[in-house]
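In case you want the letters, here they are:
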Amino acid sequence: MNFRNRNFVSLHDFSKEEIEHVFKTADSIHEKKDICAGKILATLFYEPSTRTRLSFESAMHRLGGNVIGFTDIATTSVKKGETIADTGRSVECYSDIIVLRHPDDGAAKIMADYTKVPIINGGDGSHQHPTQTLLDMYTIRQELGKLKGLKIGICGDLKYGRTAHSLAEGLSLYNNEFIFASPEELKLPDYAKRKLDEKNIKYEEKRELKDTLDVDVLYMTRIQKERFHDPIEYERVKNNTILTKELGQKTNALIMHPLPRVNEIAYEIDEKQNAAYFRQMKYGVTVRMALISLLLGVVE
Ligand code: CP
């Protein structure tokens, strides 16, 4: 399988077999020392992030490579009007691989079209967050021992939540069924449902979290306040889908969340063995180490 110099902008850039190869590579990546020595990762973050940026940077350091980048476009020439394409063409002069987070849907695709080094999408608008999905799927594989034949509840902001869109696409490669729970205003977009219909994937839509607890995986998401045009609309739905201590006691599902959480999961649930969201973050470093190594061609 050849990953060298490819982009990872959308989940469907990789076949099911290639996704599984990333996971197999991840299984032993911590045994490989300094395989990215002399390589530079650039992290270009036009939007806030804790996990995605720091886990990519941690991954590159653990592989023996170096990191450059920015987290505040106010300090860059983006502020002077430089385009995504030109920023990409500039930063590739200084680095071997780029991770981009951007508020606009499709931004990573634009940068990938104009650059020769691999571009990794670290989240583009409400569109996709494909490396989050790789780590989410890896978490399920590690914690439940399989990726197929599962009932998956995806809950919260399914309209703006890019992690939900990517995850439904990734898990639909396997024989899984879904329950989507969200307020009416934040239900899964039609385009995402059409993709499931095309694959004959079984799914239900619910308005209440309490109807979504009998699942193997309960994937909670944050209401994406920053994507709302109307603050009153946000206020109306912000407390709609919350896994309270009481609801948490009624499920044995593997509880996941891409984080950050605002108030979607009660803190009392954190200590439960099936609360996987902080372990999920650790798996993220492992999977991102594998992805960087494959795209740089230092492993095959
Ligand atoms: N899960 C995730 O993308 O988190 P950050 O926004 O902190 O990167």
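Here the structure is a predicted model, which means the values were calculated and not measured.

> When you look at the nonpolar core in this model, what are you seeing that I'm missing?
Nonpolar side chains in soluble globular proteins tend to be buried together. Grouped together as the largest cluster of nonpolar side chains are 56 residues, with contacts concentrated most on L134, I154 and I292. Each of domain 1 (11-125 + 284-296) and domain 2 (130-280) contributes no fewer than three residues to this core. Sequence-distant contacts of L134, that is, excluding residues within four places in its chain, are made with F8, L11, I19, V22, F23, V287 and L291. In terms of nonpolar packing, the next biggest core, distinct from the first, is built from 18 residues, C155, A181, L247 and I265 among them.

> Looking at this structure, I do not really get the packing of aromatic side chains. What am I missing?
Any pair of aromatic rings gets described here by the distance separating the centres and the angle formed by the planes. The full count for this structure, using the stated rule, is 10 aromatic pairs. Here the aromatic rings of F23 and Y138 are separated by 5.6 Å at their centres, their planes lie at 45°, and the arrangement is tilted. Pair noted here: F23 is in helix 1 (residues 16-27) and Y138 is in helix 5 (residues 130-144), with a separation of 115 residues, a long-range link. Like F23, the residue Y138 is buried in the burial classification. Among the aromatic residues, those joined into a cluster by ring pairs are F3, F8 and F14. For the cation-ring pair, K16 lies above Y174, with the distance from its terminal atom to the ring centre recorded as 4.6 Å. The ring of Y267 is capped by R261, whose NZ or CZ atom sits 3.9 Å from the centre of that ring.

> What should I look at first to understand the site of the ligand in this one?
Every residue lining the ligand is accounted for by S49, T50, R51, T52, R101, H129, Q132, P258 and L259. A distance of 3.0 Å separates an oxygen atom of the ligand from a polar backbone atom of R51. Here an oxygen atom of the ligand and a side-chain polar atom of H129 are 2.9 Å apart. Out of a free accessible area of 260 Å², the ligand has 91% covered by protein chains. Of the residues assigned to the shell around the ligand, the class counts are two nonpolar, five polar and two charged. In terms of domain composition, the shell around the ligand takes at least three residues from each of domain 1 (11-125 + 284-296) and domain 2 (130-280).

> Help me understand the pairing of strand 4 (residues 119-124) in this model?
As a general feature of sheets, a regular strand has side chains that alternate between the two faces. In terms of burial, strand 4 is largely enclosed, as six of its six residues are buried. Pairing of strand 3 (residues 97-102) with strand 4, which is carried by four bridges, proceeds in the parallel orientation. Residue pairing across strands places I98 opposite I119, the latter belonging to strand 4. Of the crossover connections in this fold, the one passing from strand 3 over helix 4 (residues 107-114) to the parallel strand 4 is right-handed.

> How should I be thinking about the sheet that holds strand 2 (residues 66-70) in this particular structure?
If you walk across this open sheet you meet the four strands as 2-1-3-4, and the pairing is parallel. Taken across any chain shown, the strands that pair with only one partner, and hence form the sheet edges, are strand 2 and strand 4. In this sheet, adjacent strand axes meet at a mean angle of 15° when their direction is disregarded. Here strand 1 (residues 40-45) runs beside strand 3; their pairing, made up of five bridges, is parallel. By the bridge assignment for strand 3, T43 is matched with V99. Each of strand 1, strand 2, strand 3 and strand 4 is contacted by helix 2 (residues 51-62), which is oriented at about 175° to strand 1, the strand it contacts most.

> Just to check I follow, could you spell out the environment of Y219 for this structure?
Here Y219 shows up in strand 8 (residues 217-220). According to the relative accessible area criterion, Y219 is buried, its value standing at 0%. In this structure, the C-alpha to C-alpha distance between Y219 and K79, residues 140 residues apart in sequence, is 37 Å. Among all residues touching Y219, those that are not within four sequence positions of it are Q132, D136, G153, I154, C155, T163, L167, M256, P258 and Q280. Only 2.6 Å separates the side chain of Y219 from the side chain of D136, close enough to count as a polar contact.

> I'm lost on the pattern of salt bridges in this one. Help?
Two side chains of opposite charge can pair, provided their charged atoms sit close to one another. Scanning the entire structure with this criterion turns up 20 salt bridges. For R227, the salt bridge goes to E47, with nearest N and O atoms at 2.9 Å. Placement of the pair is R227 in the loop between strand 8 and helix 8 (231-237) and E47 in the loop between strand 1 and helix 2, with a sequence separation of 180 residues. The two residues R227 and E47 agree in class, both being buried.

> Any chance you could explain unusual backbone geometry here in plain terms?
Cis geometry marks the peptide bond from L259 to P260; its omega dihedral reads 5°. Topologically, P260 is positioned in the loop between strand 9 (254-256) and helix 10 (277-296). A positive phi angle is found at D34, which is not glycine, with a value near 55°. Structurally, D34 is set in the loop between helix 1 and strand 1.

Definitions and limits used
- Residues numbered from 1 in each chain as written.
- Predicted model: local features only at pLDDT ≥ 70, side-chain atom pairs only at ≥ 80, totals over all residues.
- Heavy atoms only, no water.
- Core = buried A, V, L, I, M, F, W, Y, C linked by side-chain atoms within 4.5 Å.
- Buried < 20%, exposed > 50% of the residue type's maximum accessible area, 1.4 Å probe, protein only.
- Domains from an automatic or database assignment.
- Contact = heavy atoms within 4.5 Å.
- Phe/Tyr/Trp six-rings, centres within 6.5 Å; stacked < 30°, edge-to-face > 60°.
- Helix = DSSP H or I, 4+ residues; strand = E, 2+ residues; numbered from the N terminus.
- Lys NZ or Arg CZ within 6 Å of the ring centre and 35° of its normal.
- Near = heavy atom within 4 Å.
- Polar contact = N/O pair within 3.5 Å; in protein donor to acceptor, adjacent residues only side chain to side chain.
- Areas by Shrake-Rupley, 256 points an atom, 1.4 Å probe, with all protein chains shown as cover.
- Nonpolar A, V, L, I, M, F, W, Y, C, P; charged D, E, K, R; others polar.
- Pairing = 2+ DSSP bridges.
- Right-handed = clockwise from strand over helix to strand, strands pointing away.
- Axes fitted to C-alpha atoms, helices over the stretch in contact; angles between N-to-C directions.
- Salt bridge = Lys/Arg side-chain N within 4 Å of Asp/Glu carboxyl O.

Everything listed here is a matter of coordinates, which is why it stays silent on function.
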